[in-house]
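If you want the building blocks of each chain, they are given just below.
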Amino acid sequence: MNVSDSELMAGILTRSGHQTVPHLDDADVVLVNTCAIRENAETKVINRLKHLHHRKRRHPELIIGVCGCMAQHLRDRLLDAAPYVDLVMGPDAYRDLPVALDSLARGVESHVSLTDRDPFVGLRLDKNEDYADIAPIRKEGIRAWLTIQRGCDKMCTFCIVPFVRGRERSLPLKLLVEDVEKLVDQGFKEVVLLGQTVNSYHNDRADFGDLLYAVGEVNGLERVRFTSPHPADATDSMIDAMANSPTVCKHLHLPLQSGSTEVLERMHRTYTAEAYRTLVSKLRERVPDISLTTDIIVGFCGETDAEFMETYQMMADIRYDSAFMFKYSEREGTLAHKALPDDVAETVKGERLKQIIELQENISADINNAAVGGTVAVLVEGESRRDADRYYGKTDGFKTTVFPKADSHIGEIVNVRVHSTTAHTLIGQKV
Ligand code: 5AD
């Protein structure tokens, strides 16, 4: 989502006469696009800013901006920690970027207090802002990200997103289909539809399943993916599209968060562990070979050993292809921060995380090993970073696959016979 928002900012700024440069050293302005989802995302940003500060000491005219969710979340603390920041801008205020840069540049020209000038702050949340008219500037490639929805209405108690990205809004279906047509014209082969709860998409009478079908039919598009759906919005219409539209990939990232109904209730996830299991059975029945991935939080407020074990057991039963696993990280301003004590000891969180990571590594390795001897369809994305004689790409189920280039080309789908695996990669030969 942040990659997509950075492309949007590049679109806004290009339209106003700015241009992106390949190297930091060539830049007059550096915008750091940030995430607020967990504490360590924020720590990374602070470190990054310190690094930029060194450069600014040598080049005081350098404009440093902090954009995105952390700007929205931590404006005051951020400016305390990094007083040299010139610009703070939240996710709904990017239209003001050109004005902000103009006014900062005017300050530079007139040598007004380069160090003490007030930063430009843009933090209004705007439930009508969907940037529908802005053409993002994307890097050339095979896969394009397309934001179809902004904000979130779900109010999970652990989550900062509704507070930093505002209310949910969907973009018009007709416009999105046109966007995809343009992306295909530009040479993209795969589109990833993005939204915080992407499958709650709705526009007039169209729902997410309708959008999947419509996008899937765009001529010349090879694959459609989407992330991240919410289990409570996994409607039959979405499942139908996954089962029937040949371009819609059979991969679903379905955040579980916890395998305990009690914890899910404290998280306001709006589904029970049982309902989630039933959904998984239905998906596997309707979409054979579906690849399932998930997000898990351990150590959420009040999580007992028994409740944690329910998560462990659920992961062991469902056998996800892969998972993103996190320790609960309390976020100021969330419902949990206000109402539920962050009372699981850090060491316990760490121990629980270690246990599920180990479990998941074994499951992922088993699933990969089972692919050995079979053939997978890989959309070729580019040259392997480790070996210039090999290409890499993804399977329909989103597994990275590496194989000798031979006579294949970037952008085509090739069949690869898998002969071995590493922890997270399939290795094979074109057939
Ligand atoms: N602490 C830990 N993990 C979190 N996530 C969201 N908020 C928090 C938090 N406060 C995780 C969830 C979500 C993913 C994007 O990040 O698992 O699905």
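About the criteria used
- Residues numbered from 1 in each chain as written.
- Predicted model: local features only at pLDDT ≥ 70, side-chain atom pairs only at ≥ 80, totals over all residues.
- Heavy atoms only, no water.
- UniProt positions renumbered as here; feature names shortened; annotations may be inferred.
- Buried < 20%, exposed > 50% of the residue type's maximum accessible area, 1.4 Å probe, protein only.
- Helix = DSSP H or I, 4+ residues; strand = E, 2+ residues; numbered from the N terminus.
- Arc of directions from axis to C-beta.
- Contact = heavy atoms within 4.5 Å.
- Pairing = 2+ DSSP bridges.
- Near = heavy atom within 4 Å.
- Polar contact = N/O pair within 3.5 Å; in protein donor to acceptor, adjacent residues only side chain to side chain.
- Areas by Shrake-Rupley, 256 points an atom, 1.4 Å probe, with all protein chains shown as cover.
- Core = buried A, V, L, I, M, F, W, Y, C linked by side-chain atoms within 4.5 Å.
- Domains from an automatic or database assignment.
- Axes fitted to C-alpha atoms, helices over the stretch in contact; angles between N-to-C directions.
- Salt bridge = Lys/Arg side-chain N within 4 Å of Asp/Glu carboxyl O.

Labelled according to an unreviewed UniProt entry, the protein appears under the name tRNA-2-methylthio-N(6)-dimethylallyladenosine synthase, originating from Geodia barretti. As stated in UniProt under Cofactor (unreviewed entry), the record for the protein gives "[4Fe-4S] cluster". UniProt annotates the protein under Sequence similarities (unreviewed entry) with the comment "Belongs to the methylthiotransferase family. MiaB subfamily."

1. As for helix α8 (residues 236–244)
The set of residues buried in α8 consists of M238, I239, A241 and M242. Projected down its long axis, α8 shows its buried positions confined to an angular sector of 160°, all on one face. The elements touched by buried residues of α8 are α7 (208–216), β11 (223–227), β12 (251–253) and α10 (273–286).

2. Section: the UniProt feature "domain: MTTase N-terminal" (unreviewed entry) in the protein
Feature annotation in UniProt places "domain: MTTase N-terminal" (unreviewed entry) on residues 1–106, given in this structure's numbering. In the segment residues 1–106, helix accounts for 54% and strand for 14%; the C-alpha atoms at its two ends are 32 Å apart.

3. Quick notes on the pairing of strand β8 (residues 190–194)
For β8, the tally of buried residues reaches five of five residues, placing the bulk of the element in the interior. In β8, alternate side chains face the same way, and those of E190, V192 and L194 on one face and V191 and L193 on the other are all buried. Pairing of strand β5 (residues 143–147) with β8 involves five bridges; the strand directions are parallel. Of the residues in β8, the one forming a bridge with A144 is V191. Here five bridges tie β8 to β11, and the two strands are oriented parallel to one another. Across the sheet, L193 pairs through a bridge with F226, a residue of β11.

4. Quick look at the site of the ligand
By nearness alone, every residue bordering the ligand is listed as I37, R38, F158, Q257, D295, I297, F326, K327, Y328, S329 and R331. Within the contact set of the ligand, a nitrogen atom lies 3.0 Å away from a backbone nitrogen or oxygen of F158. Residue S329 places a main-chain N or O atom 2.7 Å away from a nitrogen atom belonging to the ligand. Protein contact buries 87% of the 400 Å² of open area that the ligand shows by itself. Those elements that provide at least two residues to the shell around the ligand are β13 (291–298) and β14 (322–327).

5. Observations regarding the environment of W145
Looking at where W145 falls in the secondary structure, it is placed in strand β5. A C-alpha to C-alpha distance of 19 Å links W145 and Y392, two positions 247 residues apart in sequence. Once you skip the residues sitting within four places of it in the chain, W145 turns out to touch V3, S4, E7, R138, V192 and L194.

6. Digging into the nonpolar core
Counting 57 residues, the largest nonpolar core has L193, F208 and F226 as the members making the most contacts within it. Looking at this core, the element that brings in the most residues is helix α6 (residues 173–185), giving six residues. Summarising the domain contributions, this core has at least three residues from each of domain 2 (138–249) and domain 3 (278–370). V30, V32, V66 and L78 belong to the second-largest nonpolar core, a separate cluster that totals 19 residues.

7. Remarks on the sheet that holds β14
Pairing is parallel in the open sheet, where three strands are placed in the order β12-β13-β14. In this open sheet, the two edge strands, each paired with only one partner strand, are β12 and β14. Sheet twist, expressed as the mean angle between neighbouring strand axes with direction ignored, is 10°. Here β12 pairs with β13 via three bridges, running parallel. Opposite H253, over in β13, you have T293 as the bridge partner.

8. Here's the deal with the pattern of salt bridges
Under the defined criterion, the tally for this structure stands at 34 salt bridges. The shortest N-O distance in the salt bridge between R169 and D92 comes to 3.1 Å. One end of the pair, R169, is in strand β7 (residues 169–170); the other, D92, is in the loop between β3 (87–89) and α4 (97–109), and 77 residues separate them in sequence. Taking the relative accessible area as the measure of exposure, D92 reaches 1% and is therefore buried. In this structure, D240 and R286 form a salt bridge, with 2.5 Å as the shortest nitrogen-oxygen distance. On the criterion of sequence distance, the pair formed by D240 in helix α8 and R286 in helix α10 is long-range, its members being 46 residues apart. In this structure, a network of salt bridges that share partners links the residues R15, R95, E129 and D133.

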